[in-house]
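What the coordinates show
Residues per chain are reported as follows:
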Amino acid sequence: MSAGQLARAWQIFFDALGDAGPADLDQRQHALERLIRDNGVTYNVYADSHGPQRPWALDLLPMLLSADDGAVIEKGVEQRAQLLEAIMADVYGPQRLIQQALLPQALVRGHPGYLRAMHGATPAGGRHLRIAAFDLARSPQGHWWVVSQRTQAPSGLGYLLENRNSISLQFPQAFRALNVRSLAGSYKALIDSIASACPDLDGGPKRIVLLTPGPYNETYFEHAYPARHLGLTLVEGNDLMVRDERLFLKTIVGLEPVHGVLKRLDDEFLDPLELRADSTLGVPGLMQAVRAGNVLLANAPGSAFLESPALLGFLPALSEHLLGQTLQLPSLASWWCGEQAAVQDMLPKLRDHVIKPTYPSGHGLSIIAHTLSPPELANWAARIMRRGLDHTVQAYTPLSQTPIWHGGKMVLRSAMLRVFALADGQGAWRVLPGALARLASRDENIASMQQGGSSADVWVVGRSSGPAVIDGLNLRSSGPGGKAAISSRAGENLFWLGRYTERAENSARLAQLTLQSLHGEDRDCSSLLSWLSRVAVNNALVPPGTPAATQSSRVFERALIDALGPASGATSVGYNLMALKGAAACVRERLSQAQWQTIVQAVQDFETRCEPLSGVRQGSIAGSPEQLERALNALQWASHWLAAITGAQTDRMMRDDGWRLLSIGRHIERLGSLSSALASGLATGALREDGGYRAMLALFDSTITFQALYQQRRDLGALLGLLVQDSDNPRSLAWVTQTLKARLNKLGAGQMPDMDGLARLLPDPSRWPLADLSASGRFDPQYLATLQEDLMATAQAAWSLSEQVGRRCFSHAADSRSVGA
């Protein structure tokens, strides 16, 4: 191919763009960025549920590999996966490789990732590795080299699939024209192989979970994404427990057996009893269950020593010894400096190499020696001389480059490939026909996402034309019992998501109502102000000890406005919005991206609108009219956002037990807060006044409904009939209690019969004798006192029900017996 001439694959690619050709690549770039944003694809070096999420960096142009390159990589990676499995079998078995000096003891038994507790144990399914990742570099001369390998919890499978889905959607014609090989079959083969190898201890369906460190992990997206598409339950360590050497998932209906775990944790965090004692991410007793063969872990613990760069120099001889084969895909030349001969050979040539830590506790990052100053280079040489076994020296090769679309034109970036080998159900390995390309930033030769790099999809071009399938997974299975299990942690977060949503909505409405009343025509109505003061304190809108509005309306108003924003430290509207977001962040895999973005934008918008209110704390006693207007505006917008959030919860979520718990949380909060507010209205006499009458309707969000039904009536019977007993009003206490009972009775689909008992603990406001009052219109003090007691008992029943639901669905203290037999 002459200089300046497009390779055939790229010629086909651009021809498939149509008449516009490269001219519309900017438009496609914008579409891709919007797709990444809408899909919520993120990568955060330090993830924070309260901070901004960093969008996943994906280039528009795929990296194209020829069929020949794909075949070389596939054969070489498959062979290497077989070799690593053979090494694991020996190291945790007879250890002949160490005895015959084919592997130094210091790289195995001296490695912190070698787990002596696994020696002699046979993993469930008979193999140690089911996923292996290899980082490949292509030299400018076109040769492929293995730079490193990952076996503990290789990252990238989720991002790889997302890259493929996103880029194939931007170039569907080119994808088909190049007959790009599909990925989906390999993912399915992995899950099928894990399922078939899981121990069959109870004869029932096998449950496989994906163990994640949680939403604060930088790659959390690619934990949730494959779990959702592969039909796996996404769990954290505290979702699981070991009992009688078996692993169980804590669900809202009780303990459910777990047969297989696809782990995204490094080994050292798996079990605080046997590994890192300070780990809060693992499961106490998990190693015991693994050794007993009662649960399959993919990968089995103990493979971290395979990731040492020092091991690469020993693999050619190990391949000859274990497989009787020459390595088809060579490693970059590597020398472990724990051997004196290697040190003497390498030190004069150190500037032309890369210095890497042998062990994970070493100096951390790779050091490209030619970038060091002479004193720095001498310092590194001295360190190697002092303690050579801690260092490995690897040959340096400039990475080959691939075109990307940047700034409206094609430019070149250095690239490194991560290729995955996945075990299939027949005991063989299947290499993904594609890869995750990591691209170096400008003028860099290190491809690292943590150092500002980006990614690209990798297309392996098919050898013959034919229909190509746009990748997508639809592998969800019903799992045990025909339904996806709801873990207790997920259930509890959904429950509190419901409660905080309702609490935020109620507190925003109450704060808005209070500020309007303090400046409205009823601002001199003492019973109204007394009621608003009491309810504001009960709902934490003002700090305890704040003078009531009847004593000093200006001080009361200042305290209420002070407490609105999340930065105030008070548990008012801003706090409830932040708590809502925190609960949602823990169950993001269950929320649509639009739903999550609405929550994020609601919090950001309220914070922004509350920032100017901080000036109220200084200077004059009362806030200015501008500050009052800003506060009311912030509350009005918060109500708009919360209405959107409520709509998404009601109409955009699967009506499973998780949603029922969310709904139960909402209705418990509504029943408790509104019952208490209505009781306070009776106690203070606010309902005897027109201002209090209107305010109570506004708090129940029932003003328009009341006007449509009763027009100009202002008797207590009509008010209580609508707010307490109307079966068509979703804000009435009777409707809320009936809805709660229905949700409780349906929870667990018959597996939780005690829910019916909890439902019976709720009072039935529809049976309260309000009809006589409605007919007479009199204010019978004794009757009102009894009604007030009933309302407070209803509020107390709601809070008690919350505790009972928590004990029944979220706590498994009764099941926490010894992890052993």
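Thresholds, definitions, all that
- Residues numbered from 1 in each chain as written.
- Predicted model: local features only at pLDDT ≥ 70, side-chain atom pairs only at ≥ 80, totals over all residues.
- Heavy atoms only, no water.
- Salt bridge = Lys/Arg side-chain N within 4 Å of Asp/Glu carboxyl O.
- Helix = DSSP H or I, 4+ residues; strand = E, 2+ residues; numbered from the N terminus.
- Buried < 20%, exposed > 50% of the residue type's maximum accessible area, 1.4 Å probe, protein only.
- Contact = heavy atoms within 4.5 Å.
- Core = buried A, V, L, I, M, F, W, Y, C linked by side-chain atoms within 4.5 Å.
- 1 Å grid on protein atoms, 1.4 Å probe; cavity = no way out; pocket = protein on both sides within 12 Å on 5 of 7 lines; lining within 4 Å.
- Points joined across faces, edges and corners; volume = space filled by probe spheres on them.
- Pairing = 2+ DSSP bridges.
- Axes fitted to C-alpha atoms, helices over the stretch in contact; angles between N-to-C directions.
- Phe/Tyr/Trp six-rings, centres within 6.5 Å; stacked < 30°, edge-to-face > 60°.
- Lys NZ or Arg CZ within 6 Å of the ring centre and 35° of its normal.

1. Side note on the pattern of salt bridges
Under the criterion given, the structure shown has 32 salt bridges. Linking Glu505 and Arg509 is a salt bridge whose minimum nitrogen-to-oxygen distance equals 3.7 Å. Of the two residues, Glu505 and Arg509 both sit in helix α14 (residues 488-518), four residues apart, roughly one turn of that helix. Each member of the pair, Glu505 as well as Arg509, is classed as buried. The partner of Asp656 in a salt bridge is Arg590, with the nearest N and O atoms 2.8 Å apart. One end of the pair, Asp656, is in the loop between α19 (625-651) and α20 (657-684); the other, Arg590, is in the loop between α17 (573-585) and α18 (593-610), with 66 residues separating them in the sequence. Within the structure, one salt-bridge network assembled from shared partners comprises Glu502, Glu505, Arg509, Arg666, Arg670, Asp701 and Arg731.

2. A few points about the side chain of Thr251
Considering the arrangement of structural elements, one finds Thr251 in strand β7 (residues 246-251). The contact partners of Thr251, leaving out residues within four places of it in the chain, are Glu256, Ala485, Ile486, Ser487, Ser488, Cys809 and His812.

3. Observations regarding the nonpolar core
In terms of nonpolar packing, the biggest core is built from 105 residues, with Trp531, Leu564, Val573, Phe606 and Leu678 touching the most fellow members. Element by element, the count of residues in this core is highest for α14, at twelve residues. Contact partners of Leu564, with chain neighbours within four places excluded, come to Ala511, Ser572, Val573, Gly574, Phe606, Cys610, Leu613, Ala631 and Leu635. Residues Leu65, Ala121, Leu129 and Leu297 belong to the second largest nonpolar core, which totals 72 residues.

4. Observations concerning the side chain of Gln512
For Gln512, the location among the structural elements is in helix α14. Note on Gln512: relative accessible area 12%, which makes it buried. Setting aside its immediate chain neighbours within four residues, Gln512 contacts Leu632, Leu635, Gln636 and Ser639.

5. Description of empty space enclosed by the protein
This structure, assessed with the given rule, holds two cavities of 30 Å³ or more. What the largest cavity holds in volume is close to 170 Å³. Elements supplying a minimum of two residues to the lining of the largest cavity: α8 (184-197), α9 (221-230) and β9 (260-263). Element by element, the count of residues in the lining of the largest cavity is highest for α9, at three residues. Each pocket or cavity is described by its volume, and for the second largest cavity that value is around 80 Å³. For the lining of the second largest cavity, the secondary structure elements donating two or more residues are α3 (67-91) and β18 (434-439). Sorting elements by how many residues they give to the lining of the second largest cavity places α3 first, with three residues.

6. Digging into the sheet that holds strand β6 (residues 240-243)
With antiparallel pairing, the three strands of this open sheet are ordered in space as β6-β7-β8. The sheet is open, and its two borders are formed by β6 and β8 (254-257), each paired with just one other strand. Within this sheet the neighbouring strands show an average axis-to-axis angle of 45 degrees, counted without direction.

7. Topic: the packing of aromatic side chains
A full pass over the atoms with the stated rule returns 16 aromatic pairs. The interplanar angle of 55 degrees and the centroid separation of 4.8 Å between the aromatic rings of Phe13 and Phe171 together place this pair among those described as tilted. Of the two residues, Phe13 is situated in helix α1 (residues 8-15) and Phe171 in the loop between α6 (157-170) and α7 (172-177); the sequence distance between them amounts to 158 residues. For Phe13, a relative accessible area of 0% corresponds to the buried category. Between Tyr92 and Tyr114, the ring centres sit 5.2 Å apart and the planes meet at 20 degrees, which makes this aromatic pair stacked. On the criterion of sequence distance, the pair formed by Tyr92 in the loop between α3 and α4 (96-99) and Tyr114 in the loop between α5 (105-108) and β2 (131-138) is long-range, its members being 22 residues apart. Pairwise contacts between aromatic rings join Trp10, Phe13, Phe14, Phe171, Phe175 and Trp459 into one cluster. For Arg243, the ring lying beneath its charged end belongs to Phe248, and the centroid distance is 5.7 Å. The ring of Trp380 carries Arg383 above its face, with NZ or CZ at 4.0 Å from the centroid.

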